Amino acid sequence: MLGCALLALAPAASAQAADLLVLQGETAELSGALTYGFVYVDGALRLTGDTGIVAGSVYLGPNAS
C-alpha cells in the first residue's frame, strides 16, 4: 500500500518536445513559432513568413538547403 501512495505523489514526467527531421531528398515548409527537442536537416527546409524555431539541438547536414 505504501508503494501505491508513493507513486501517487511522484511528479508527472515532463513533456518531451517533438523532433524535426528533414532527410536528404525531402522538403519541408514551416511557419510560425515552433519548438523542437532535436532538429536534423539534410534536405530542403523552407521558412515562410515570420518563423521562429526554438530547439534543444540543431544539426545541418551536408545536403541541407
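Look up a bit, the structure's there.
None of these values were measured; they are calculated from a predicted model.

J.: Would you mind going over the overall build of the protein in detail, with residue names and values included?
T.: Scanning the protein from N- to C-terminus turns up 1 helix and 5 strands. For the protein, the α and β elements follow one another from N to C terminus as α-β-β-β-β-β. In the protein, of all internal contacts separated by at least 6 residues, the share reaching a separation of at least 24 is 2%. Only carbon and sulfur atoms are counted for the fraction: they give 60% of the accessible area of the protein, which is about 4,800 Å².

J.: Just give me the short version of the environment of Leu-60, but keep the residues and values in it.
T.: Relative to the elements of secondary structure, Leu-60 occurs in strand β5 (residues 52-60). Spatially, the C-alpha atom of Leu-60 lies 5.0 Å from that of Val-41, the residues being 19 residues apart in sequence.

J.: Help me get a handle on the packing of aromatic side chains, residues and values and all.
T.: Applying the stated criterion across every chain, the model contains 1 aromatic pair. With a centroid separation of 5.0 Å and an interplanar angle of 10°, the aromatic rings of Tyr-40 and Tyr-59 are classed as stacked. In this pair, Tyr-40 is assigned in strand β3 (residues 33-41) and Tyr-59 in strand β5, connecting sequence segments 19 residues apart.

J.: Kindly report on the pairing of β3, identifying the contributing residues and their values.
T.: One ladder, built from 3 bridges, connects strand β1 (residues 20-22) with β3; its direction is parallel. Among the inter-strand pairings, Val-22 is bridged to a residue of β3, identified as Val-41. Across 8 bridges, the pairing between β3 and β5 is parallel. Looking at the pairing, Ala-33 lines up with Gly-52 of β5.

J.: So what's going on with the environment of Tyr-40? Which residues, and what values?
T.: Using a relative accessible area of 23% as the deciding quantity, one classes Tyr-40 as partly exposed. Sequence separation between Tyr-40 and Asp-19 is 21 residues, and the spatial gap between their C-alpha atoms is 8.1 Å. Beyond its immediate chain neighbours, meaning those up to four positions away, Tyr-40 contacts Leu-20, Leu-21, Val-22, Leu-23 and Tyr-59.

J.: How would you summarise the nonpolar core if you had to cite specific residues and measurements?
T.: Core analysis: the biggest nonpolar cluster contains 9 residues, these being Leu-20, Val-22, Ala-28, Leu-30, Leu-34, Tyr-36, Val-39, Val-41 and Leu-45. Secondary structure elements with two or more residues in this core: β1, β2 (27-30) and β3. Broken down by element, this core gets its largest block of residues, 4 residues, from β3.

Definitions and cut-offs
Residues numbered from 1 in each chain as written. Predicted model: local features only at pLDDT ≥ 70, side-chain atom pairs only at ≥ 80, totals over all residues. Heavy atoms only, no water. Helix = DSSP H or I, 4+ residues; strand = E, 2+ residues; numbered from the N terminus. Contact = heavy atoms within 4.5 Å. Areas by Shrake-Rupley, 256 points an atom, 1.4 Å probe, with all protein chains shown as cover. Phe/Tyr/Trp six-rings, centres within 6.5 Å; stacked < 30°, edge-to-face > 60°. Pairing = 2+ DSSP bridges. Buried < 20%, exposed > 50% of the residue type's maximum accessible area, 1.4 Å probe, protein only. Core = buried A, V, L, I, M, F, W, Y, C linked by side-chain atoms within 4.5 Å.

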